[in-house]
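Take a look at the letters that make up each chain.
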Amino acid sequence: MYGWAGKILRVDLTSEKVWTEETSKYVPRYLGARGIAAKIAWDELKPGLDAFDENNLLMMMTGPLSGLPGPGTSRSYVFGNAPQGYPKTWYMRTSIGGRWGAEIKYAGYDGVVIRGKALRPSYLWINDDNVEIRDAGPLWGKDTFTTQRLIKQFHGHETHSIVCGPAGENLVRYAVPATETECAAGTGGMGAVMGSKKLKAVAAQGSKAVRVADRERWLKVGEYAADMIHPYKKSPPVTEVSYEPRYSIPKPDYIQARREYNPCYGCDIGCKGTYFINVPGKLYPTTNTTEVSCIGRSFIARGTTSSRMERLVGGRDWYNLGAEAGIENAANVNRYGLSHWEVIVGISMWMHLCKLNGIDLEQDLGFPVEPENPRFWDTLLRKITYREGIGDLLAEGGPRVIDKIGKGREFLKTVAWGVCEHGGGRGIWEWFTYPHWVAGALFWATDYRDPYSDVAHKQSGLGQFPDPKRRVELAKWLFGTEGAVLPLQEEVKDMEQGGPTPQQEDLAYADKAPMVIWHQNRSVIIGSMVLCDSGFPLTISRLRPNCHGDTSIEAQLFSAATGVEMSEAELDAAGERVFNLERCLLIREGRTRKDDETVISFFKQPDYTKGIPLDEVRFRRLMDQYYTLRGWDVSTGVPKREKLEQLDLKDVADELDNRGLLPA
Amino acid sequence: MEVSVQVSNEAKEKVVTPLAASMRLPRSSWVKGDTELCSTCGTCELYCSLSHEGSASRSKARLNVISDRFTGDTSIETCRQCDVPACLYACMVPGAMSIDPKTGARLIDEDKCVGCGNCARACPYNAHGGIIRLNPAKNVYIKCDLCGGEPQCIRACRYLALSYEQKRV
């Protein structure tokens, strides 16, 4: 087999049994990681299962491209019933970078599917054909950095592992499986699933190889793709520790820092954040190293450019911890194995906005809310991780906290299903403008987790493209219609000056559905290959004069690696099949259109750039259009039998029919 | 009064060490790594393995990028193609190690290698075992051969951390 390693490792922790399964059972029909996981979940995850049930599956999967040199390969995915789900837990996907994905392929497996619950703390040690469930006594209770270092001491420095921190052991609902210093499968709280299974780590080391069907073609296509993402250049030195240029904090000389350092194995995109070495902490003597990227940098400083957010926080600064305390904090979150996103956008943002707007939480929390004080963060993180005092409640995640405390609901930036704002224009992504968050709302409504990390990152890239003429031209090239980016955000008036005209409103809610569907099908392909959302789909390339990317690149890479010749259209169809299968999985859990519509209340709040709220009537019409284009029933949001049979999912349709869930 | 006499380098070497010069092996170019520029992505290792073995594997690469994420230590281990190659002198199998007439690279002939590992043990830089390593599938040792003058690892590196260093002959 080319591309795929050929075997999936199955582990039952209860009976301590390990066996393998042929990957060819699932591919090429289900492509790889996300497709295979959806199929396994459909076959084996019973509906209505709680995330902490021992029959829950923890699936760590890679795809046919993992382990090969090229842009954005070597990521992996974690799937399963996610504790973060609210009001009830359900299936989620979450992706993770680092080196584990490549290493597990070199050990000869396309993924690890774990069920059951170990009697005592254990970890899984995978060394080629030798797979052992080992005692994790010495590792239990250790932070994620120490756990990985100890595993490297046990099994050699080329061993790479996905571990859970103390947060996962204590079943914090947003604990992450983590690897290296800041790679984490953020959404869903799969770290708590690891903790509930008493599984501390999955360590892998492999000496096998990933075979490529056509080596020359692979190198050619890979370099062609990489040329559109990253030029041949020396990384410039780090001079600032700030989040964005608008908030400049120069790097102190005594902190060593490197940029584009330690990327995922074999990937030359270099998306990663800044690596800090030997940072003197405010509370602890030294933070040896940590990587601070993406959301983690909000700890260092956070400013705002949107006028409404300024009013809400009373100035341009949210908070400004500075380099030392900020980096230390980011490192602590990584060490504990908590999700940066939920800590920053969820819990702490809610506390901070409550405080700035005169809601006193000190009595409920038992400690003052002082986001400028490193001691506050230390207390907060420790209490959450070890479930001390109020931390026991905070560890349950934003919506469950609000249900209990009942204060400041409007400041909790949870869009739906227990997952925080991303691409909504009303929270941390406050700069995301109308009309682009309209498509964002549709992404949110029809996904089962935060869609902005692996589905719609590139939609925001197109939406925020600075030159309007180019933006329109790109939309026309990509989706065949300019409507995907209309009305131009530059022409829409602020709500205080009248807001968008009815014509602009009509435009904003028209022609968004095809783009959303295209991105969703594409995200399945990227999640199955596995490719990285920071590079793919290659819709825009700023390194090319006309900024056009190449959307056929996934098909070319797939064909070159696996030898299974697939065109772009065929691959999109495979993506659509998996997306529908995942939808059916949720339908079986009880999801309907009513659940999709729960996102509306969040988006009806005025946005933070122009104060424009979601137009509910027009949005429902947009949803109708989406369901129709998808071939789903408009009133219930369930895929129709014709559609499922067209996608060769007759057995799925039959089961839904048996349960009485299929529309007549 | 100063008298300056111009002596060519070649002449100088002939005068200084006539015996050594006559015994000297042809010098070789080598691939040099710069840890300040290296991102430690490992694309070079995979290009190496792909071009030599046809499949991607970290453990079949002829160079080794080591990075410890928890201390920030980085090292790029490439074959120095030494002027006095301990590996070549340690090899007991006639003809198993030779010198590439084009680049000067110290080569292992996979057809003649018996997998004894004398070369790997003799190499003074091979502490991590990433410069001369065993390919268990064929039971032969593998090392950098400079790809006949066009090293694939250098082609792979987008951070320009690897360079082809010509030694003065």
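I will try to describe carefully the structure that is included in this document.

Rules used in this analysis
- Residues numbered from 1 in each chain as written.
- Chains lettered and ligands numbered in written order.
- Predicted model: local features only at pLDDT ≥ 70, side-chain atom pairs only at ≥ 80, totals over all residues.
- Helix = DSSP H or I, 4+ residues; strand = E, 2+ residues; numbered from the N terminus.
- Rg over C-alpha atoms; globule rule 2.2 N^0.38 Å.
- Buried ≥ 20, exposed ≤ 12 C-beta atoms within 10 Å, placed from the backbone.
- Contact = placed C-beta atoms within 7 Å.
- Core = buried A, V, L, I, M, F, W, Y, C linked by C-beta atoms within 7 Å.
- Pairing = 2+ DSSP bridges.
- Axes fitted to C-alpha atoms, helices over the stretch in contact; angles between N-to-C directions.

**Observations concerning the overall build of chain A**
Logical step 1: When helices and strands are counted, chain A shows 25 helices and 20 strands.
Logical step 2: Radius of gyration (C-alpha) of chain A: 23 Å, near the 26 Å computed for a compact globule of 664 residues.
Logical step 3: Seen through its C-alpha atoms, chain A measures out along the principal axes to roughly 65 × 60 × 55 Å.
Logical step 4: Each of the 664 residues in chain A was classed as buried or not, and the buried ones make up 58%.
Logical step 5: Considering only contacts within chain A whose residues lie at least 6 apart along the sequence, 68% involve residues at least 24 apart.

**Side note on the nonpolar core**
Residues and elements named next belong to chain A.
Logical step 1: Among the nonpolar cores identified, the biggest contains 242 residues, and Ala-37, Met-59, Leu-338, Ala-441 and Leu-442 are the most heavily contacted of them.
Logical step 2: Per-element accounting of this core gives the leading share, 10 residues, to helix α9 (residues 340-356).
Logical step 3: Those residues in contact with Ala-37 that sit more than four places away from it in its chain are Met-59, Met-61, Tyr-77 and Phe-79.

**Thoughts on unusual backbone geometry**
Residues and elements named next belong to chain A.
Logical step 1: Here the bond from Leu-486 into Pro-487 is cis, since omega is -5°, no more than 30 degrees from zero.
Logical step 2: With respect to the helices and strands, the residue Pro-487 is situated in the loop between α16 (468-479) and α17 (502-508).
Logical step 3: Backbone torsion omega between Phe-536 and Pro-537 reads -5°, so that peptide bond is classified as cis.
Logical step 4: Note that Pro-537 resides in the loop between α18 (513-529) and α19 (553-562).
Logical step 5: At Asp-128, a position not held by glycine, the phi torsion is positive, near 50°.
Logical step 6: Following the sequence through the fold, Asp-128 ends up in the loop between β7 (122-127) and β8 (130-135).
Logical step 7: The class of Asp-128 is partly exposed, set by 14 C-beta atoms lying within 10 Å.

**Overview of the sheet that holds strand β16 (residues 286-292) of chain A**
Residue and element names in this part refer to chain A.
Logical step 1: Read from one edge of the open sheet, 3 strands run β14-β15-β16, paired in antiparallel fashion. Looking at which strands have only one partner, the edges of the open sheet turn out to be β14 (256-259) and β16. Taking each pair of neighbouring strands and ignoring which way they run, the sheet shows an average axis angle of 10°.
Logical step 2: Strand contacts of helix α8 (residues 322-336): β15 (274-280) and β16, with the helix running at about 80° to β16, the strand carrying the most contacts.

**A word on the environment of A:Glu642**
Residue and element names in this part refer to chain A.
Logical step 1: Structurally, Glu-642 can be placed in helix α24 (residues 641-646).
Logical step 2: Residue classification places Glu-642 among the exposed positions, given that 10 C-beta atoms sit within 10 Å.
Logical step 3: For the pair Glu-642 and Trp-632, spaced 10 residues apart in the sequence, the C-alpha separation amounts to 9.4 Å.

**Quick look at the interface of chain A and chain B**
Quite often, the size of an interface is put as the accessible area lost when its parts meet.
Logical step 1: The partner chain B presents 28 residues to the 34 residues of chain A that form the contact.
Logical step 2: When residues of the side of chain A that touches chain B are traced back to their parent elements, those giving at least two are α3 (144-155), β13 (210-211), α6 (215-229), β15 and β16 of chain A.
Logical step 3: In this structure, β13(A) lies alongside strand β2 (residues 55-56) of chain B, joined through 2 bridges in antiparallel fashion. Across the sheet, the residue bridging to A:Arg211 is B:Ser55, located in β2(B).

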